[in-house]
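What follows is each chain in one-letter form.
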Amino acid sequence: MPDHVSAPFTGTPHISAAPGDFAPLVLMPGDPRRARRIAETFLEDARRVTDVRGILGYTGSHQGVPMSVLASGMGIPSVSIYATELFRHYGVRRIVRVGTSGAIPASVRVRDVVIASAAHTDSSLGRVLVNGVTLSLAPSYRLLRAAADAAEQEPSAVHIGPVFSSDHFYLDRPALFDALERRGTLAVEMEAAGLYAVACAEGGEALAVLTVSDHLRTGDALTAEERETEFDRTLRIAATALLTDV
Ligand SMILES: O=P(O)(O)O[C@H]1O[C@H](CO)[C@@H](O)[C@H]1O
Ligand SMILES: O=c1cc[nH]c(=O)[nH]1
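Residues numbered from 1 in each chain as written. Chains lettered and ligands numbered in written order. Predicted model: local features only at pLDDT ≥ 70, side-chain atom pairs only at ≥ 80, totals over all residues.

Caption draft 1: Quick look at the overall build of the protein chain. If you tally the helices and strands in the protein chain, you get 8 helices and 9 strands. For a compact globule of 246 residues, the expected C-alpha radius of gyration is about 18 Å, and the protein chain comes in at 18 Å, within 12% of that figure. Along the longest, intermediate and shortest principal axes, the C-alpha atoms of the protein chain span 65 × 45 × 35 Å. A burial count over the protein chain gives 47% of its 246 residues as buried. For the protein chain, the share of sequence-separated contacts (at least 6 apart) that also reach a separation of at least 24 residues comes to 75%. (Helix = DSSP H or I, 4+ residues; strand = E, 2+ residues; numbered from the N terminus. Rg over C-alpha atoms; globule rule 2.2 N^0.38 Å. Buried ≥ 20, exposed ≤ 12 C-beta atoms within 10 Å, placed from the backbone. Contact = placed C-beta atoms within 7 Å.)

Below is the structure:
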């Protein structure tokens, strides 16, 4: 092949899908098995488009509009890789994380939904993208507003507010969670801040809608099976946001 002819695109280091395999609208759970379940139960005519490292991705449609689902894996480094590659190489415009989270205040209960209107983090990601600046890690206002409107149609509790995206799942620091609670933080999880940072850097839109799977104060928790199945409301809100003004 002559030097000036670039090689055909055959995927990224982490995604084996061909160009055009992903829809511009993407649901993103952490867990690959949840991605498969969303493809099987929520999307129509879904086909698998990638499975590198067991991170499953599917494309089908929802309410007649093309929609994909791709797992992010756990943590900010992992979600940052997948979100960057989707925005940069696959023409993706919107990613809505559909994840699980741990509730912090008593007013948030297991099975409630939390829409992350901001993401605090102990990750460095918000500080390294623009030299000397800590970026505000926030969702797309359009997606947030659409999700807030969709939440009004839901019969049970949906909370909107800041979450804490932690680099540490086993963080034994009760005083930290007390301090975050006093500042209005609703829940802890491990990806929203990374997704918001990447969307900001890549010019995409992002939002995180989280099912509360456990409570840091009471110890209440969903079973492992419920973690896979208890996210119908989260999915409805996320898909409505993805489909707004497309
Ligand atoms: O259920 P997911 O979406 O993976 O989200 C939460 O669960 C994982 C920890 O168990 C972390 O990824 C955290 O953010
Ligand atoms: O990251 C997470 C997710 C659920 N529950 C937690 O305590 N942390």
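Continuing now.
Caption draft 2: Structural view of the packing of helix α4 (residues 141-151) against helix α8 (residues 232-243). The geometry of α4 relative to α8 is characterised by a closest axis approach of 8 Å and an angle of 135° between their N-to-C directions. On the basis of their axis angle, the class for α4 and α8 is oblique. In the crossing of α4 with α8, the sense of the turn from one axis to the other is right-handed. Only R236, I237, T240 and A241 of α8 make contact with α4, whose side of the interface consists of L143, A146, A147, A150 and A151. Looking at the contact of α4 with α8 residue by residue, the class counts come to 7 nonpolar, 1 polar and 1 charged. (Axes fitted to C-alpha atoms, helices over the stretch in contact; angles between N-to-C directions. Parallel < 35°, antiparallel > 145°, perpendicular 65-115°, else oblique. Left-handed = near helix turned anticlockwise from the far one by under 90°. Nonpolar A, V, L, I, M, F, W, Y, C, P; charged D, E, K, R; others polar.)

Caption draft 3: Broad picture of the site of ligand 1. All residues in the neighbourhood of ligand 1 are listed as P29, G30, D31, M74, G99, T100, F169, E189, M190 and E191. Across the shell around ligand 1, the residue classes break down as 4 nonpolar, 3 polar and 3 charged. (Near = placed C-beta within 6 Å.)

Caption draft 4: Main features of the nonpolar core. Counting residues in each nonpolar core, the largest one holds 77 residues, and the members touching the most others are V26, V96, A147 and V209. With 7 residues, helix α6 (residues 192-202) is the largest single contributor of residues to this core. Residues within four places of V26 in sequence aside, it is in contact with S68, V69, L70, L86, V92, R94 and I95. (Core = buried A, V, L, I, M, F, W, Y, C linked by C-beta atoms within 7 Å.)

Caption draft 5: The arrangement of α6 in detail. Summarising burial for α6: 8 of the 11 residues are buried, a large majority. If you check which residues of α6 are buried, you get A192, A193, G194, L195, Y196, A197, V198 and A199. With its phi angle positive at about 75°, G203 sits one or two positions after the end of α6.

Caption draft 6: Quick look at the packing of helix α2 (residues 76-89) against α6. Axis separation between α2 and α6 bottoms out at 8 Å; the angle between their running directions is 30°. Relative to α6, α2 is oriented roughly parallel. For the element pair α2 and α6, the recorded crossing hand is right-handed. Between α2 and α6, the residues in contact are I76, V79, S80, A83, T84, F87 and R88 and A193, G194, L195, V198, A199 and E202, respectively.

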